[in-house]
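Working through the structure, step by step
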Amino acid sequence: MRLSRITKSFGTHSNVSRAVDDVSLTIERGEILAVIGENGAGKTTLMRIAAGELSPDAGEVLRSAQDDIGFVHQHFLLVPELTIAENLALIERRFRFATRKTLEREAVRMIESSGIELHEVSRRVADLSVGEKSKLELIKAIATKPSTLILDEPTSVLTPHESEELFRVMRTLAASGTAIVFISHKLPEVLAIAERIVVMRTGKVVMETREATAESLARAMTPQPPLPAHGERVRVRGTLALSHGNVQIHHHEILAIVGVAGNGQSELAEELRARFPHAGQIPEDRTRDGVIAQMTIAENLALRGVRDAERMIELYSIRALGPRQLAGDLSGGNQQKVVLARELDRRPQIIIAAEPTRGLDIEATSFVHERLRVAAAAGAAILLITSDLDEAFELADAMQVIYRGKLSARMTPEEASSRVANLMAGVA
Amino acid sequence: MLDLVVRLIGDSIPLAILAATPLLLAVQGELVVQRSGMINLGIEGMMLVAAMTAVLAAQLTNSVALGFLGGIAGALIVAIVFGFFVITLKADQIVTGTAINLLAVGATSFVYRELQRSEIFVQSVPRIGTDVVVPLAWIVFPIVLAIVLWNTSFGLRLRACGENPDVIAPHVARHRAAALAIEALLAGTAGAYLTLALSSGFAENMTAGRGFIALSIVIFGRWKLKGAILGTAIFGLAAALQYAVQASARGVPYHLLLAVPYIVTLLILCGIAGKVRAPESLGR
Amino acid sequence: MKAPRSAGFQPAAPPPSRRPGSRDNRRQDAGVAAGWKPALRGAAAVLFTILLLALSGAAFGHSPRELLSILITGSVGSTFALQGTLLKSVPLLLTGLSVVIAFRAGVWNIGGEGQFIVGALAALLASRFGLVPSLLAAMLAGAAWASIASLMRLWRNAPEVLTTILLNFIAIHLLGWCVNGPLRERTAMYPQTDVALATLPRLGGLFSGLHMGILLAVLASVGAWWLLYRTNEGLRLRATGFNSSAAKWAGVNVRAQLVRAMAISGAAAGLAGGIELLGVTNRLFERFAAGYGYSGIAVALLAQLHPLATIGSAFFFGALVTGAGELQRTANISAAVATLGQAVVILVLIGFEYARSRR
């Protein structure tokens, strides 16, 4: 399969972002190709175009007629209320009569031929573990015998053991001629399994290689080399401001909760939001929970009693026509600044910031970081929930790892730098 | 007192079965549609339009069978309008359903009054001879639906549409349209039965809330076929009892009796009378 | 595992596009004025509807010109006609406002009909204490009836779309019982209640047949506008309607908004019932509500959910109902064309909304 000069933008008039920018790529049979890059680099968008789920604004997707693509999405496409067998039966398109028994028999056969272990096909998918759901997705994709199989961050919810199982299946499939595209941002596993690696950054392919080291890949993924240690940072540690379970934060302190996405971060943020309604809240799902798109900037600010919208626009350098512009018409970064103005201007004692820079450009990201530092310096206790380790190391005075809903003990950044990877993978 | 109640119920059952037949048809239709993830408040309007087109077709052709076909055709037109707005334009289902009901009341009243000017439509309406609809509604359709919904790949996908349409995204529109067509078939038959069997002609707004009752029964039956049949029987019996009570037991507040099934449905929605689980994507 | 989440098909935060409040004039700026675009859309919908009615008439051999002239003279052509139109507009305005408030908050109150009925029932029962207590009772009863639905939603996540519809039927049967049983007038041929012991005073002069309820209704829409666009509560209510999930993160107690919006919405519908009883019918009978609750949805949507525009929208539908009545009397065309008009208005607006979303 060949992708040639693909471009795709999202958003409306004033708020366009180029997710994929003039990318060409060839996918060969029987190879394992890794597409890596940071969040928002355009990997998933590119692959959805390749799979025909999105149509490109410009460029061409060339595939031969018998090319058949299986796509395992990062978000499960399963029906929780149906059983494993029924979910597998959904693949088929023709009309036929089939009892539950028949479906279950077929499911068992399908699972066997996939080489993946999954038992008791009469279980409802809602009752499966995350790893099992992920396996089921994979079985579904393999069952259609695709000539190309695209896996979007498949290991993010797998245990190391399950990841191994997945890699074994991937190798078998590749050996039998299937092209496999593996989207990831985890360098070690990419180096372990991929035959060819494509690095994407801000919508462009910045590197294509068969020989790579973790360092060279990391350099290509991020615009500047990962930040060096943050030097001497002396900060006053104040009195205890927040205590919730085994989370304790003092005034003047930034505590980072790090972990692989989907390990209970959302639930933690939700819990804290309910417990500290007056805290400054930066929601994790920015597009859904950030600003209220249909309301003006002024109205959005007024929700937290922030009145002087003119001044806020200036102070937070929000690029807007004025306080009466609809917040939904702003770019993502400027929307986030409206959220910051709304949440931080009250000088809350506690700030809960969940993924505050996810998907933002560099300028907006550093602005958000700056604001959080200023708030901490002014005495706020900040809980930073992030899956971006660089962000955590840049900002945090202390860290805890969240894995399957459980929080590790508190660590200094120095302690964390050696232990965090294992804790996030649940192997320590 | 107790044997009075028993006698009343016993006397009411035959009437209840007849009177509840259109209701049961509508309930099954709405069940299919809701299982596919839509909520069609417009089923009331669908039945009303079918009731009218059935009468018109029967009068024109002097055939009851063609009358029923006319009813189904009328319901199908309503289904197409609803489907166009809800599936194609992705309009809100509640708002569209409300509009469909208003549309049906307005259009049928208007058209029927206009047609009364012509002679064909003042002649008497042919009535159903042998009632094949009752066994169809109570036995044949439930069996067929049970097979289609739970023992075919089509039924599986239709239910998946109601739970998580993203899974079969490219096929959702087709399956929901099919669900609406099934509903039109059933609700059309129901409307025709109202005019060609239960009464002798069309009257403004003659469905009198049966569509909404059907909607309640689908919930009452917890989106299951067995529950739907049981629910229809209970609602039908309550309605039939009202006449018996009116006739023989003065002083019993039968209006309040009529409200009881709705109160029970409310409690069911609150999960008090047992667990309830609606299709996850219903209404979206 | 099926416990709390399972009962509801409307989760706490449906995606914004599906919320009732989001069928909104997106460009609206702090609600000072809805701007000319929504007004234009409304006018276009009205014109289209009138055109379609005329064409339907023509299809059955009526002269469209004559039809329109009857519609217009029958609704606004004389003081008498205008008075009839205004009388019909009052309940429509209040049930319309009821829907505006609810949909703005993202709450599906389809129960206007039931709230209208219990409002009237309460007004009748309280009428012996005087006019003001009677109207207050109507509002309170409407609010309480609607609150059953919001509490069921909070408590068990029972979707209010369904509970409010069910409550309509319960209210209808409650009314049926009242007019046939405890409240039935002893001497009447038909089941109806005794007359209410309070009545709304008439306006004097030209509109001597018109009751004070019209002033209350207009006052209510100004009040609703003030609430929605000039208070913090209104800001939070609208935020909840637009995007309840984001509102939560902005510190809004969305559960409280739900309860409050439903109560206000119910109070407006209840007041509509009370005013209709004390100003027009003076007694209750089985078909008292006559669809005002459902018509409120059309009124609110034509007004694009703006409280002040609701006045104009209610007037239009009031005129349509009155004009249609005249059509039935003089041209033997069913008065139900007014209902047809409501439906067409809603469907046309949906079409506009779709066209706009495509741009």
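Residues numbered from 1 in each chain as written. Chains lettered and ligands numbered in written order. Predicted model: local features only at pLDDT ≥ 70, side-chain atom pairs only at ≥ 80, totals over all residues.

**Description of the overall build of chain A**
Looking only at helices and strands, chain A features 15 helices and 17 strands. Considered along the principal axes of its C-alpha atoms, chain A spans approximately 65 × 45 × 45 Å. Split into buried and exposed, the 428 residues of chain A put 46% on the buried side. Taking the contacts inside chain A whose residues are at least 6 apart along the sequence as the reference set, 69% of them involve residues at least 24 apart. (Helix = DSSP H or I, 4+ residues; strand = E, 2+ residues; numbered from the N terminus. Buried ≥ 20, exposed ≤ 12 C-beta atoms within 10 Å, placed from the backbone. Contact = placed C-beta atoms within 7 Å.)

**Description of the overall build of chain B**
From N to C terminus, chain B includes 10 helices and 0 strands. Taken from N to C terminus, the helices and strands of chain B fall in the order α-α-α-α-α-α-α-α-α-α. Nonlocal contacts in chain B, meaning residues at least 24 apart in sequence, comprise 77% of its contacts between residues at least 6 apart.

**Observations concerning the interface of chain A and chain C**
Residue-level contacts link 19 residues of chain A with 17 residues of chain C. Elements represented by at least two residues in the side of chain A that touches chain C include exactly helix H9 (286-289) and helix H10 (297-302) of chain A. A breakdown of the residues in the side of chain A that touches chain C according to their chemical character gives 8 nonpolar, 4 polar and 7 charged. (Nonpolar A, V, L, I, M, F, W, Y, C, P; charged D, E, K, R; others polar.)

**Let's talk about the sheet that holds strand E9 (residues 204-209) of chain A**
The strands making up a sheet associate through backbone hydrogen bonding, with each pair oriented either parallel or antiparallel. Residues and elements named next belong to chain A. Spatially, 6 strands are ordered E5-E6-E7-E3-E8-E9 in an open sheet, and the strand pairing comes out mixed. Only two strands of the sheet have a single neighbouring strand rather than two, namely strand E5 (69-72) and E9. With strand direction ignored, the average angle separating the axes of adjacent strands in the sheet is 20°. Bridge count between strand E8 (residues 196-201) and E9: 5 bridges; the pairing is antiparallel. Bridge assignment links Met200 to a residue of E9, and that residue is Val205. Each of E5 and strand E6 (148-152) touches helix H4 (residues 130-143); the most contacted strand, E5, lies at about 175° to it. (Pairing = 2+ DSSP bridges. Axes fitted to C-alpha atoms, helices over the stretch in contact; angles between N-to-C directions.)

**A few points about the packing of helix H12 (residues 292-302) of chain C against helix H14 (residues 337-358) of chain C**
Residues and elements named next belong to chain C. At their nearest, the axes of H12 and H14 sit 9 Å apart, and the two run at 40° to each other. Classified by the angle their axes make, H12 and H14 are oblique. Regarding H12 and H14, the two cross each other, and that crossing is left-handed. Contacts between H12 and H14 involve Ser295, Ala298, Leu301 and Leu302 on the former and, on the latter, Gln342, Val345, Ile346 and Leu349. Grouping the constituent residues of the contact of H12 with H14 by class yields 6 nonpolar, 2 polar and no charged. (Parallel < 35°, antiparallel > 145°, perpendicular 65-115°, else oblique. Left-handed = near helix turned anticlockwise from the far one by under 90°.)

**A few points about the sheet that holds strand E13 (residues 280-282) of chain A**
Residues and elements named next belong to chain A. Taken in spatial order, the 6 strands of this open sheet run E13-E14-E15-E12-E16-E17, and their pairing is mixed. Two strands in the sheet have a free side with no partner beyond their single neighbour: E13 and strand E17 (406-407). Bridging between E13 and strand E14 (residues 350-354) involves 3 bridges; their strand directions are parallel. Residue Gly280 lies in a different strand from E14, and its bridge partner there is Ile351. Packed onto the sheet, helix H8 (residues 265-275) meets strand E12 (254-258), E13, E14, strand E15 (381-386) and strand E16 (398-403) and runs at close to 155° relative to E14.

**Looking at the pairing of strand E3 (residues 32-36) of chain A**
Residues and elements named next belong to chain A. For E3, a buried count of 5 out of 5 residues is recorded, marking the element as mostly surrounded by other parts of the structure. Going residue by residue along E3, you find Ile32, Ala34 and Ile36 tucked away on one face and Leu33 and Val35 tucked away on the opposite face as well. Alignment of E3 against strand E7 (residues 179-184), held across 5 bridges, turns out to be parallel. Note that in E7 the partner of Leu33 across the bridge is Val181. Here E3 pairs with E8 via 4 bridges, running parallel. Of the residues in E8, the one forming a bridge with Leu33 is Arg196.

**Notes on the interface of chain C and chain B**
Between chain C and chain B, the contact holds 44 residues from the first and 44 residues from the second. Elements represented by at least two residues in the side of chain C that touches chain B include exactly helix H6 (131-156), helix H7 (160-180), H12 and H14 of chain C. The greatest single-element share of the side of chain C that touches chain B, amounting to 12 residues, is contributed by H7 of chain C. Class assignment of the residues belonging to the side of chain C that touches chain B gives a composition of 29 nonpolar, 11 polar and 4 charged.

**Points about the environment of Gln116 of chain B**
Inspection of the secondary structure assignment puts Gln116 of chain B in the loop between helix H4 (93-115) and helix H5 (133-151). Along the sequence, Gln116 of chain B and Gly191 of chain B sit 75 residues apart, while their C-alpha atoms lie 20 Å from each other.

**Overview of H8 of chain A**
Residue and element names in this part refer to chain A. When we look at burial in H8, the residues that qualify are Gln265, Leu268, Ala269 and Leu272. All buried residues of H8 fall inside an arc of 95° around its axis, so they share one side. H8 presents Glu267 and Ala274 as exposed residues on the side facing more than 90 degrees away from its buried surface. Looking at the buried side of H8, the elements it contacts are strand E10 (240-244), E12, E14, E15 and E16. (Arc of directions from axis to C-beta.)

**Concerning the confidence of the model for chain B**
The pLDDT averaged across chain B works out to 88; a share of 95% of its residues lies at or above 70. ipTM for the predicted complex: 0.90, alongside a pTM of 0.86. (pLDDT = per-residue confidence, 0-100.)

**Some thoughts on helix H3 (residues 100-114) of chain A**
It helps to recall that an α-helix has 3.6 residues per turn; residues three or four apart then point in one direction. Residue and element names in this part refer to chain A. Here H3 spans 21 Å end to end across 15 residues, near enough to the 21 Å set by a 1.5 Å rise per residue. Every buried residue belonging to H3 is among Leu103, Glu104, Ala107, Ile111 and Ser114, and all of these are buried. Along the axis of H3, the buried positions cluster into a sector of 95°, meaning they face one direction only. More than 90 degrees from the buried face of H3, the exposed residues found are Lys101, Arg109, Glu112 and Ser113. Positive backbone phi, approximately 80°, marks Gly115, located one or two places after H3. (Expected span 1.5 Å × (residues − 1).)

**Notes on the pairing of E16 of chain A**
Residue and element names in this part refer to chain A. As defined by bridge partners, E12 adjoins E16 across 4 bridges and the pair is classed as parallel. Within E16, the position partnered with Leu255 by the bridge is Ala398. Once E16 ends, the chain turns through 2 residues before running back antiparallel as E17, passing Arg404 with a positive phi of about 50°.

**Focus: the packing of helix H2 (residues 36-59) of chain C against helix H3 (residues 64-76) of chain C**
Residues and elements named next belong to chain C. The N-to-C vectors of H2 and H3 enclose an angle of 130°; their axes lie 9 Å apart at closest approach. Classed by the angle they form, the pair H2 and H3 counts as oblique. As for the relative orientation of H2 and H3, their crossing is right-handed in sense. Across from Ala54, Leu55, Gly57 and Ala58 in H2, the residues of H3 making contact are Pro64, Leu67 and Leu68.

**Some words on the confidence of the model for chain A**
Per-residue pLDDT for chain A averages 84, and the proportion of residues at 70 or more is 93%. Least confident of the elements in chain A is helix H7 (residues 214-221) of chain A, whose mean pLDDT is 75; most confident is H10 of chain A, at 94.

**With respect to unusual backbone geometry**
A positive phi angle is found at Ala208 of chain B, which is not glycine, with a value near 50°. Phi at Gln304 of chain C is positive, roughly 50°, even though this residue is not glycine. Tracing the backbone shows Gln304 of chain C in the loop between H12 and helix H13 (307-331).

**Points about the environment of Ala39 of chain C**
By the secondary structure assignment, Ala39 of chain C is in helix H2. In this structure the C-alpha to C-alpha distance between Ala39 of chain C and Gly181 of chain C, which are 142 residues apart in sequence, comes to 48 Å.

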